[in-house]
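What follows is the residue order along each chain.
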Amino acid sequence: MFTNNPFESVTKALLNGAGKLSSDDAQGAAKEMVESLRAWGDLVQTQAQSAQAASVEAVEEFKAVRDPLGAVEAFKTNTQKMLALTAIHLQEALALSIEQFNAGVDLLQERHPTPDVFAPVAHGMKKAAAALESGVLATLNSGIEVTGAKPAAKKSRAR
């Protein structure tokens, strides 16, 4: 018997839906999760490589510095580059998150018993996600001058 706790509805849904889950459905869900993880892994790898390259570049710049004022300027320049790179990395992570969220909403609508009825809800969810993305991007772009940092090459990511 279920007790009244926050996980009750989730448990009921899992138990009720367990009999309806076919091996094809399970395989499809597993494939989507693997594709999602692969997309995050690719993003992390690309971002780590660009951060490493920026760090190596900073070290090389510091090797050439011969006076204290030059060291301060090199530190300032490299700090600005790292902030810009961090902002770009956050934008890329946000874009992937929103893309995967929207794919999840599409999947939810597709599997909903009455997709047409769910369509306005799906639209509202996507609109809210777009507003969130817009707000975060505006915050990231305000006051951060992007100099020397380049975003990773855009490529289509899996859900």
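Higher on the page you've got the structure.
Small disclaimer: the values here were computed from a predicted structure and weren't measured. (Residues numbered from 1 in each chain as written. Predicted model: local features only at pLDDT ≥ 70, side-chain atom pairs only at ≥ 80, totals over all residues. Heavy atoms only, no water.)

Caption draft 1: Inspection of the overall build of the protein chain at higher detail. The helix and strand tally for the protein chain stands at 4 helices and 0 strands. Helices (α) and strands (β) of the protein chain occur, in sequence order from the N terminus, as α-α-α-α. Look at the contacts in the protein chain between residues 6 or more apart in sequence, and 74% of them connect residues 24 or more apart. Summing over all exposed atoms, the protein chain offers an accessible surface of approximately 11200 Å²; the carbon and sulfur share of this is 63%. (Helix = DSSP H or I, 4+ residues; strand = E, 2+ residues; numbered from the N terminus. Contact = heavy atoms within 4.5 Å. Areas by Shrake-Rupley, 256 points an atom, 1.4 Å probe, with all protein chains shown as cover.)

Caption draft 2: The arrangement of the side chain of Asn 78 in detail. Within the element layout of this structure, Asn 78 appears in helix H3 (residues 68-111). When residues no more than four places from it in sequence are discounted, the contact partners of Asn 78 are Ala 58, Glu 61 and Phe 62.

Caption draft 3: Here's a closer look at helix H4 (residues 115-141). Over its 27 residues, H4 extends 37 Å from the first C-alpha to the last, a length consistent with the 39 Å expected when each residue adds 1.5 Å. If you look at H4, its biggest bend is around 25°, right at Val 121. Residues of H4 that are buried sit in contact with H3. (Expected span 1.5 Å × (residues − 1). Bend = angle between axes of the 7 residues up to and from the residue.)

Caption draft 4: Spotlight on the environment of Leu 43. On the secondary structure map, Leu 43 appears in helix H2 (residues 23-63). Separated by 46 residues in the primary sequence, Leu 43 and His 89 have C-alpha atoms spaced 8.8 Å apart.

Caption draft 5: Layout of the packing of H3 against H4. In contact at an axis separation of 9 Å, H3 and H4 are set at 175° when each is read in the N-to-C sense. Viewed along their axes, H3 and H4 adopt a mutual orientation that is roughly antiparallel. Of the residues belonging to the contact of H3 with H4, the class tally is 17 nonpolar, 4 polar and 4 charged. (Axes fitted to C-alpha atoms, helices over the stretch in contact; angles between N-to-C directions. Parallel < 35°, antiparallel > 145°, perpendicular 65-115°, else oblique. Nonpolar A, V, L, I, M, F, W, Y, C, P; charged D, E, K, R; others polar.)

Caption draft 6: Inspection of the pattern of salt bridges at higher detail. According to the stated counting rule, one finds 4 salt bridges in the structure shown. Here Lys 63 and Glu 60 are joined by a salt bridge, their closest N and O atoms 3.4 Å apart. One end of the pair, Lys 63, and the other, Glu 60, are both in helix H2, 3 residues apart, so they sit about a helical turn from each other. Residue classification places Lys 63 among the exposed positions, given a relative accessible area of 52%. Of the residues examined, Glu 60 reaches a relative accessible area of 45% and is grouped as partly exposed. For Glu 61, the salt bridge is made with Lys 81, and the minimal N-O distance between the two is 3.1 Å. Here the residue Glu 61 occupies a position in helix H2, and Lys 81 occupies one in helix H3, the gap between them amounting to 20 residues. (Salt bridge = Lys/Arg side-chain N within 4 Å of Asp/Glu carboxyl O. Buried < 20%, exposed > 50% of the residue type's maximum accessible area, 1.4 Å probe, protein only.)

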